[in-house]
Structure formats: structure tokens, C-alpha cells
Amino acid sequence: MPTWNSRGLRGSTLEEFINLTNEKYQEKGLALIQKIPTPITPVQIDSASRHITLAYFEQKSTVDYIGAVQGIPVCFDAKECRTDTFPLQNVHEHQVRFMGDFEKQGGMAFLIIYYQHRDIYFYMRYTDLLAFWKRSTAGGRKSVRFEELDERFFFSMHGGVLVPYLEPMQLDIDLRG
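Residues numbered from 1 in each chain as written. Predicted model: local features only at pLDDT ≥ 70, side-chain atom pairs only at ≥ 80, totals over all residues. Heavy atoms only, no water.

Chemist: Is there a simple way to think about the overall build of the chain in this case?
Modeler: A tally of helices and strands in the chain yields 4 helices and 11 strands. Here the chain holds 177 residues, and the buried ones make up 37% of them. Across the chain, contacts joining residues at least 24 apart in sequence account for 65% of those joining residues at least 6 apart. Of the roughly 10100 Å² that the chain leaves accessible, carbon and sulfur atoms contribute 52%. (Helix = DSSP H or I, 4+ residues; strand = E, 2+ residues; numbered from the N terminus. Buried < 20%, exposed > 50% of the residue type's maximum accessible area, 1.4 Å probe, protein only. Contact = heavy atoms within 4.5 Å. Areas by Shrake-Rupley, 256 points an atom, 1.4 Å probe, with all protein chains shown as cover.)

In C-alpha cells form, the structure reads like this:
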């Protein structure tokens, strides 16, 4: 079974920013998005701090977030990247499959990638993720270079919203026609 340790908390700041964004969107009546917890079973607990130091995942997770935006079903995953190259190993096959099934049901699926060193977010549409994924599984490049990304889907914090993903989502909707 997969195990959990402190490396799994790398995206916790990004997720906290997204959680705060989702609270703001909910308060404004724009969206209702919930964080999906990953079920774990503790194996070791530090008795002094009472923190879990080792655990295993009970089951494969799907995506980090699921909900609705103005009546549109939405699911997405949050990823962080420290370089200009996003490794596709950070996305799991079962997640790609779930996102594809979600889209087949009329929903919208995407990734939010935070490029830490540039302090910029990227909204990766499922169709783009799938193209990169297929390239990878066909023996091609196993990562996505920053230059390969559609510049229309980069965004930054503004207007008091930490991760304003509704704007690139609207562009995604517009491009779907």
C-alpha cells in the first residue's frame, strides 16, 4: 500500500489558498467547491506532538476538489511545481481516468498548477492534460515544459482572491463553444 510521510504536505499551502478562495466564492454565491479528503490509516504517531508521522492510503484518491460553479459540475486537482518543467508523474493514471469520466458526464475537469519560482498559476484544461499524458504513455516526453503551455491560461492573485481560477475557467467554457 502507498505510504504517507511529510513529503505529501508539499501542496498544503496551495491547498489552503484554494480553500480560502473557495470560501470566498461560496460567500459570493459563485461556486460550491469542497476539498475531498484522502482517507489514511495512521501507522505511527509522535507521542509528544500527537502528529501522524507515518500512514498509508486506504484507497486511491480521485481529485482534490469537486463541486459546482454556476450549475456546472467541476473537479480539479492542485499541483505545485518548483521548476519550469512539470513532471507528469505528479498526476496519477486513476486521476486522469476519473477526470475523463467526469467530463463525459458533462462536467469540467482541470488542474491548477502553481509555479512557485515564478509565483504564477496555470489552469490546465483536461484536454491539454490528456494530450500531454498520451504523449508520455506513447514513449514521449514525461513532463510538460513551461513554454508548451497556453499563455491565456496563466493567472495570478488579484482582487483579494488568492487563486482566482474562475477567470481561466470562463475562458475554457468560451473555447468549448
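Chemist: I would appreciate a short explanation of the confidence of the model for the chain in the present structure.
Modeler: Low-pLDDT portions of the prediction should not be read for the details of their coordinates. Predicted confidence across the chain gives a mean pLDDT of 89, with 88% of residues reaching 70 or more. Overall, residues 1-11 carries pLDDT values under 50, and its contacts beyond four positions in sequence, including any with other chains, amount to 21 contacts. (pLDDT = per-residue confidence, 0-100.)

Chemist: Hey, could you run me through the pattern of salt bridges in this one?
Modeler: Oppositely charged side chains can pair when the atoms bearing their charge come close. Under the defined criterion, the tally for this structure stands at 11 salt bridges. Put simply, Arg176 and Asp172 hold a salt bridge, and the shortest N to O gap is 2.9 Å. Taken together, the positions of Arg176 and Asp172, both in helix α4 (residues 166-176) and 4 residues apart, correspond to about one turn of that helix. Taking relative accessible area as the criterion, Arg176 reaches 38% and is therefore assigned partly exposed. Salt bridges here are not isolated pairs; linked through shared partners, they connect Glu103, Arg125, Asp172 and Arg176. (Salt bridge = Lys/Arg side-chain N within 4 Å of Asp/Glu carboxyl O.)

Chemist: Mind showing me how you'd approach the sheet that holds strand β5 (residues 65-69) here?
Modeler: In a beta sheet, neighbouring strands are held together by backbone hydrogen bonds and run either parallel or antiparallel to one another. If you trace the 6 strands from one edge of the open sheet to the other, you get β2-β5-β6-β8-β9-β11, paired in mixed fashion. Every interior strand has two partners, whereas the edge strands, β2 (31-35) and β11 (154-155), have only one. Looking at chain direction, strand β9 (residues 120-125) and β11 are connected through 2 bridges and run antiparallel. In the strand pairing of β11, Tyr121 is matched with Phe155. Set on the sheet, helix α3 (residues 126-137) makes contact with β8 (108-115) and β9; between it and β9 the angle comes to about 80°. (Pairing = 2+ DSSP bridges. Axes fitted to C-alpha atoms, helices over the stretch in contact; angles between N-to-C directions.)

Chemist: Looking at this model, I keep getting lost on the environment of His158. Mind explaining?
Modeler: Within the element layout of this structure, His158 appears in the loop between β11 and α4. Its relative accessible area of 38% is what places His158 among the partly exposed residues. If we skip the residues at most four places from it in the chain, His158 touches Pro164 and Glu167. Within polar-contact distance, the side chain of His158 engages the backbone oxygen of Ser156 at 3.0 Å. (Polar contact = N/O pair within 3.5 Å; in protein donor to acceptor, adjacent residues only side chain to side chain.)

Chemist: Teacher, can you tell me more about the side chain of Lys79 here?
Modeler: Within the secondary structure layout, Lys79 lies in strand β6 (residues 72-81). The exposure class assigned to Lys79 is buried, which follows from its relative accessible area of 11%. At a separation of 2.6 Å, a polar atom in the side chain of Lys79 contacts the main-chain carbonyl oxygen of Asn90. Ignoring any residue separated from it by four or fewer positions in sequence, one finds Lys79 in contact with Leu14, Phe86, Asn90, Val91, Gln95, Ile112, Ile113 and Tyr114.

Chemist: Please clarify how α3 should be interpreted in this entry.
Modeler: Note: α-helices contain 3.6 residues per turn, so residues at a spacing of three or four share the same orientation. An ideal rise of 1.5 Å per residue puts 16 Å on 12 residues; α3 measures up with 16 Å between its terminal C-alpha atoms. Of the positions making up α3, those classed as buried are Tyr126, Leu129, Phe132, Trp133 and Ser136. The arc enclosing the buried residues of α3, seen along the axis, measures out at 125°, which places them on a common side. Among the structural elements, α2 (93-104), β8, β9 and β10 (143-145) are those in contact with the buried residues of α3. Count one or two residues on from α3 and you reach Gly139, which has phi positive near 100°. (Expected span 1.5 Å × (residues − 1). Arc of directions from axis to C-beta.)

Chemist: Would you take a moment to explain the nonpolar core for this structure?
Modeler: A general tendency of soluble globular proteins is for nonpolar side chains to be buried together. In terms of nonpolar packing, the biggest core is built from 47 residues, with Phe76, Phe86, Ile112, Tyr115, Met124, Leu149 and Tyr165 touching the most fellow members. Broken down by element, the residue count for this core peaks at 8 residues, all from β8. Apart from residues no more than four positions distant in its own chain, Phe86 is found in contact with Lys79, Cys81, Val91, Leu111, Ile113, Tyr115, Ser143 and Val144. (Core = buried A, V, L, I, M, F, W, Y, C linked by side-chain atoms within 4.5 Å.)

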